[in-house]
Amino acid sequence: MKKHPIPRLTRRHFLDFAEVTDFVEKLAAACPDLVSLGTLGVSREGRPLYHLTITDSSTGAAHDKPAYLIHANIHASELSGTHAALATARRLVKDHPKSDLLKRVAFHVIPRLNPDGAEFVVKTSGKTRSRTDRSQRLPNTLYQQDINGDGLILTMRQQHPDGQFVADPKDRRLLIQRTRDSKPPFYRTLPEGLIVDWDGSDNIRIEGRSFDWNRNWSYDWRPEPEQGGAGDFPFSEPEMRAMAGFIHSRPNLFGILGYHNGPAATLRPPSTGADSDLDAADLREMRDLARLGARVTGLPEFAVVKYHRQYNPDLNLRGHFHNFGYHHLGLFVFEFELGILLNSAGIATTEILGVENQEQYETLLRRMMAWWDRQAKRDTIFRPWKRFRHPQLGNLEIGGLLTRHTGGPTLNDLQKIIQNTYRFTVEHASRHPWVKIDDLRVDRVGEQIVRIRARVANRGQFPTHVSNKGRNLDRLRKVEVALRLADDVTLLSREGHIRVGHLAGLTGSRTLEWFLKTDRRRGALGEIAVSGGAGGNACATIRLPQGIRS
Ligand SMILES: [Zn+2]
């Protein structure tokens, strides 16, 4: 049989859905012992939500190992995340067996949580958060569409006495905010598109309702308008419902990492309130990991609630994944904001979040354009303004910045960033809890009496409940030992199955002892099975030692 090579990940462009499909299929075909391809379900428009399970199947099934989840592209335009998730999947496979991580840990990689939204952005550079309801064609409402046939959805600018913008005198490509000193022409801007049932007035709405799937999670969910983009109820969006079902059917998850594109950052909980809302020891552990992430990636650490422009108040994001991850799952969850083009232009996140007004922001944009002009190899981030006769609005111009590219680092920078986020993933995942059966001893202590002693231990760094928050959550079942005996073996001890409870990291252990009655002289008497917690399941056969006499 022909061996399939491990597919390469292009560095030239963002992936459309067909390319994501091709990559995950090829990766699974290339490494059938390490990678299996599944789906969480399908998107609203019917695209599969791909899910790669990556583990060394010769050392056990994914559901018997501690598991680490990586997800990306919940926000439509945050395409870098898909690249990062797929590059991580590829690296995990390539580094095996040099690294023994896949022997002990199962990785779940969901590279594109939002295939419908991403497809719209990849193909057109149009704008949408996670989903925009375009099903109702509301009157006087503009719907995005490529109307000049260049394949892109850009910005329309039209001269208008009330226009909020003027062409930047320092960089004619940019539009800047109109001030009282501004000279005409003044421009109003609209996304490229057509207006449904237009009454000819200036009151033009932009598309329908907008959804932010990172506000659709169940912890502290709030309805709109209290929380913009929240949706109708927690998990009202089918893709998020599929993801929640996926997570809750995997009690062995011990860590979660998400990929986004905002100003470069390593984000951690909480997404509302303050650090003091979290268990103090959990906070220490989580900060320790987030700082490690920041150190190896150069993406500075923030609590989600503090990730905002400096002069804004704290940003309470209700129904955010991070609070769900900590409060509902009891896990340390992280997000890498892989950056925006301003970061690639050498502008630090502190500077981006430090801008105090529109004028300062415009200065950053000018710097970005000047930097872009100096690059030898350039992604197309800008299309010159071109005259166009709009069938409804008349003469205007179409052009401007491509949000598809300004919303992320350059593809070149992304390669370096991904190498470092991978280092963090390996370090975080290496801290997995690890439940083992140590020192199983079977001794004959009487004519028909056998004594079994076993130490059930957690030799991983995290406790089996991962966090203090997780200790009392039903999701993270406590460790239990089941003693399953052959039919002709009798248990003499008071109990066979034993609730061990959670085990501390590295040193947590419990020595168990049972007495059995059997006529057998050799062979297997049954098995010990350990389950619960996030440290994986362990199993050992109880075998009478050969040639041992009482
Ligand atoms: Zn995002």
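Residues numbered from 1 in each chain as written. Predicted model: local features only at pLDDT ≥ 70, side-chain atom pairs only at ≥ 80, totals over all residues.

(A) Up close: the pairing of strand E17 (residues 332-337). Among the six residues in E17, six count as buried, and that is most of the element. Here E17 shows a buried face lined by Phe332, Phe334 and Phe336 and a second buried face lined by Val333, Glu335 and Glu337. Strand direction decides the pairing type here: strand E14 (residues 253-260) and E17, joined by six bridges, are parallel. Within E17, the residue paired with glycine 255 across the bridge is phenylalanine 332. With three bridges connecting them, strand E15 (residues 265-268) and E17 associate as antiparallel partners. Note on E17: the bridge partner recorded for leucine 267 is glutamate 335. (Buried ≥ 20, exposed ≤ 12 C-beta atoms within 10 Å, placed from the backbone. Helix = DSSP H or I, 4+ residues; strand = E, 2+ residues; numbered from the N terminus. Pairing = 2+ DSSP bridges.)

(B) Here's a closer look at the nonpolar core. Grouped together as the largest cluster of nonpolar side chains are 91 residues, with contacts concentrated most on Leu52, Ile54, Leu253 and Leu331. Ranked by residues supplied to this core, first place goes to helix H2 (residues 80-94) with six residues. Not counting the four nearest positions on each side in its chain, leucine 52 is found in contact with Val24, Leu27, Ala28, Val35, Leu37, Ala89 and Val109. Counting 19 residues, the second-largest nonpolar core is a separate cluster that includes Val435, Ala454, Trp514 and Val530. (Core = buried A, V, L, I, M, F, W, Y, C linked by C-beta atoms within 7 Å. Contact = placed C-beta atoms within 7 Å.)

(C) How the structure looks around the sheet that holds strand E6 (residues 141-144). Read from one edge to the other, the open sheet built from three strands follows the order E11-E6-E12, with strand pairing classed as mixed. Since the sheet does not close on itself, it has two edges, and those belong to strand E11 (193-196) and strand E12 (205-206), each with one partner. Two elements, E6 and E11, share four bridges in a ladder whose sense is antiparallel. Its bridge partner lying in E11, tyrosine 143 is registered against leucine 194.

(D) Structural detail: the environment of alanine 230. With respect to the helices, strands and loops of the structure, alanine 230 is situated in the loop between strand E13 (210-211) and helix H5 (238-248). Residue alanine 230 is classed as buried on the basis of its C-beta count, with 22 C-beta atoms lying within 10 Å. Sequence separation of alanine 230 and aspartate 212 is 18 residues, and the distance between their C-alpha atoms is 6.2 Å. Those residues in contact with alanine 230, other than ones at most four positions away along the chain, are Arg215, Asn216, Trp221, Arg222, Pro223, Glu224, Arg318 and Gly319.

(E) Structural detail: the packing of H2 against helix H12 (residues 411-430). Interaxial distance between H2 and H12 falls to 10 Å at its minimum, and their mutual angle equals 55°. If you check the angle between H2 and H12, you find them oblique. Helix-helix and strand crossings are classified by hand; for H2 and H12 the assignment is right-handed. Side by side, H2 and H12 meet where Ser80, His83, Ala84, Ala87, Thr88 and Arg91 of the first sit next to Leu414, Ile418, Thr421, Tyr422 and Thr425 of the second. For the contact of H2 with H12, the class distribution of residues is five nonpolar, five polar and one charged. (Axes fitted to C-alpha atoms, helices over the stretch in contact; angles between N-to-C directions. Parallel < 35°, antiparallel > 145°, perpendicular 65-115°, else oblique. Left-handed = near helix turned anticlockwise from the far one by under 90°. Nonpolar A, V, L, I, M, F, W, Y, C, P; charged D, E, K, R; others polar.)

(F) Molecular detail of H12. The end-to-end C-alpha separation of H12 is 28 Å, in line with the 28 Å expected for 20 residues at 1.5 Å each. Where H12 is concerned, the buried positions are Leu414, Ile417, Ile418, Thr421, Phe424, Thr425, His428 and Ala429. (Expected span 1.5 Å × (residues − 1).)

(G) Region of interest: the sheet that holds strand E20 (residues 435-444). Taken together, the four strands give an open sheet; going across it, the order is E20-E21-E25-E23, and neighbouring strands pair in antiparallel fashion. If you trace the sheet from one side to the other, it starts and ends with E20 and strand E23 (490-491), each paired once.

(H) Local environment of the packing of helix H1 (residues 17-30) against H2. The contact between H1 and H2 brings their axes to 11 Å, and the two run at 10°. In terms of their interaxial angle, H1 and H2 are classed as roughly parallel. Handedness of the crossing formed by H1 with H2: left-handed. Contacts between H1 and H2 pair Val20, Phe23 and Leu27 from the former with Thr82, Leu86, Ala89, Arg90 and Val93 from the latter. Here the residues of the contact of H1 with H2 are counted per class, giving six nonpolar, one polar and one charged.

(I) Here's a closer look at the pairing of strand E26 (residues 523-531). Taken together, the six bridges between strand E22 (residues 480-485) and E26 define a ladder with antiparallel strand orientation. Bridge pairing in E26 links arginine 484 to glutamate 527. Sheet analysis places E26 next to strand E27 (residues 538-544), joined by seven bridges and oriented antiparallel. Residue pairing in the sheet places glycine 523 in a bridge with leucine 544 of E27. What sits between the antiparallel neighbours E26 and E27 is a turn of six residues, in which glycine 532 has the positive phi angle 100°.

(J) Main features of the environment of threonine 490. Along the chain, the position of threonine 490 falls in strand E23. Distance in space between the C-alpha atoms of threonine 490 and leucine 113 is 52 Å, their sequence separation being 377 residues. Ignoring any residue separated from it by four or fewer positions in sequence, one finds threonine 490 in contact with Leu516 and Lys517.

(K) View of the domain arrangement of the protein chain. Examined at the domain level, the protein chain breaks down into domain 1 (17-121 + 212-340 + 410-430), domain 2 (136-208 + 380-406) and domain 3 (435-544). Between domain 1 and domain 2, the C-alpha centre-to-centre distance is 35 Å. (Domains from an automatic or database assignment.)

(L) Spatial organisation of helix H4 (residues 115-124). Of all the positions in H4, only Pro115, Gly117, Ala118, Phe120, Val121 and Val122 are classed as buried. Contact partners of the buried residues in H4: H1, strand E2 (48-54), strand E5 (131-132) and helix H11 (403-406). Backbone geometry just downstream of H4 places serine 125 in the positive-phi region, at approximately 65°.

(M) Summary view of the environment of asparagine 472. Mapping asparagine 472 onto the fold places it in the loop between helix H13 (468-471) and E22. The class for asparagine 472 is exposed, based on 11 C-beta atoms found within 10 Å. When the C-alpha positions of asparagine 472 and histidine 502 are compared, they lie 9.9 Å apart, and in sequence the two are 30 residues distant.

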